[in-house]
Amino acid sequence: WEFNGSFHQPSAFLMVGIPGLEALHPWISIPFCALYLTALVGNSMILFIIRKTQSLHEPMYYFLCMLALTDLGLALCTLPTTLGLFWFNLRTIGFDACLTQMYFIHILSFFESSVLLAMAFDRFIAISCPLRHPSILTRTTVTKIGLAIVLRGTVSLLPIPFLLKRLTYCGKTELSHSFCFHPDIMNLACADIKVNVFYGMVILLSTVGMDFVFIVLSYVLILKTVVSLATREECLKALNTCVSHICAVLVFFIPMIGLSMTHRFGRNVPPLVNTLVAYTYLIIPPALNPVIYSIKSSHIREALLRALRRKSG
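Residues numbered from 1 in each chain as written. Predicted model: local features only at pLDDT ≥ 70, side-chain atom pairs only at ≥ 80, totals over all residues. Heavy atoms only, no water.

Caption draft 1: Layout of the state of the cysteines. Within this structure, the stated rule accounts for 2 disulfides. The disulfide that involves Cys-98 links it to Cys-180, with 1.9 Å between the sulfurs. Where Cys-98 bonds to Cys-180 through sulfur, the torsion about that S-S bond is close to -125°, and the disulfide is left-handed. Taken together, the residues span a long stretch of sequence, with Cys-98 in helix 3 (residues 95-128) and Cys-180 in the loop between helix 6 (159-165) and helix 7 (182-186) at a distance of 82 residues. The buried category is assigned to Cys-180, whose relative accessible area is 0%. (Disulfide = S-S within 2.5 Å. Helix = DSSP H or I, 4+ residues; strand = E, 2+ residues; numbered from the N terminus. Buried < 20%, exposed > 50% of the residue type's maximum accessible area, 1.4 Å probe, protein only.)

In structure tokens form, the structure reads like this:
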């Protein structure tokens, strides 16, 4: 502990794997390794294919590149501490290192939410105004959207580590997961955390919450446009272009909402449930998104097969 008058700050926190299954951590690490490997290889492959395939240099695939980069970042943020705990029982993480990991986990989550909103906007323009789509979403516009996403997430979450550093911590230093999460650290303080709770809730609702609302609104408008199409085949073809994005939205937002609710209101929720929701939120989307887009996007699939043939040839 570091002591300065009445101010106490832990030098490190203790991380937890899966409660009650500590003896099985080496075996549990196998599916985690598979998920991390899928996330790293899958998203890297998406980036490589889009970069090398000229026909994929379109707004939809530029946004997919942003999603893949964000998923790579999320996987790399949690991989060292999670596998370090499962393989070597490395439970301690320094206070400043924990705040740094927490900051990047949260801003990358905000990036992902914003990218999913941008992809919903892209699908809406592509379906409702197909002829104007290239002129509306130019490469410059896509770049500006990407910069706005980075700026919004970085600036809005910048006060969070400083708000946590000002708190006094005492007694318990055990986190609920094998990574650092803002509500988890905040609840270990023995000081008044009303400012942290208020700021965290305001930022969450004004960013991720608003993103989700606008994504839903985009799909309401997409459905309205699709219903007005002349034939059933055109309607199904238009909706089929949105399936991958809808899956990515559900895979990301359902666990995120669940984790936020269990941390803020689920004091009686079993620790195992809380842990599984957290791992689902941070590990499943980066692993599943490249699989979803590789299966559903014929352009990605064909480019991947061509790349494999060239390599084998």
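Caption draft 2: Focus on the pattern of salt bridges. Summed over the entire model, instances satisfying the criterion amount to 4 salt bridges. The closest approach of N and O atoms between Asp-96 and Lys-165, which form a salt bridge, is 3.0 Å. On the criterion of sequence distance, the pair formed by Asp-96 in helix 3 and Lys-165 in helix 6 is long-range, its members being 69 residues apart. The class of Lys-165 is partly exposed, set by a relative accessible area of 31%. A salt bridge links Asp-211 to Arg-152; the nearest nitrogen and oxygen atoms lie 2.7 Å apart. (Salt bridge = Lys/Arg side-chain N within 4 Å of Asp/Glu carboxyl O.)

Caption draft 3: Region of interest: unusual backbone geometry. Positive phi outside glycine occurs at Asn-89, with the angle close to 55°. As for its position among the elements, Asn-89 is in the loop between helix 2 (59-88) and strand 4 (92-94).

Caption draft 4: Structural context of the UniProt feature "transmembrane region" (unreviewed entry) in the chain. Here the UniProt-annotated "transmembrane region" (unreviewed entry) positions come out as residues 27-49, 61-88, 100-121, 142-164, 197-223, 235-256 and 276-295. Within residues 142-164, the helical portion is 96% and the strand portion 0%, while the C-alpha atoms at the span's ends are 35 Å from each other. (UniProt positions renumbered as here; feature names shortened; annotations may be inferred.)

Caption draft 5: Broad picture of the packing of aromatic side chains. Applying the stated criterion across every chain, the model contains 12 aromatic pairs. Consider the rings of Phe-13 and Phe-95, whose centres lie 5.6 Å apart with planes at 40°: the pair is tilted. Here the residue Phe-13 occupies a position in strand 3 (residues 12-14), and Phe-95 occupies one in helix 3, the gap between them amounting to 82 residues. Of the residues examined, Phe-13 reaches a relative accessible area of 1% and is grouped as buried. For Phe-95, a relative accessible area of 3% translates into the label buried. (Phe/Tyr/Trp six-rings, centres within 6.5 Å; stacked < 30°, edge-to-face > 60°.)

Caption draft 6: Molecular detail of a nonpolar patch on the surface. Residues Met-210, Phe-212, Phe-214, Val-216, Leu-217, Val-220 and Leu-221 make up a contiguous nonpolar surface patch of about 560 Å² in total accessible area. For Leu-217, the position within the fold is in helix 8 (residues 194-227). (Patch = residues over 30% accessible without salt bridge, like charges linked within 9 Å, V, L, I, M, F, W, Y side chains within 5 Å. Areas by Shrake-Rupley, 256 points an atom, 1.4 Å probe, with all protein chains shown as cover.)

Caption draft 7: Examining the confidence of the model for the chain more closely. In the predicted model, the chain carries a mean pLDDT of 89, and the fraction of residues at 70 or more is 96%. Across residues 1-5, where pLDDT falls below 50, the model places 12 contacts with residues more than four positions away in sequence or in other chains. (pLDDT = per-residue confidence, 0-100. Contact = heavy atoms within 4.5 Å.)

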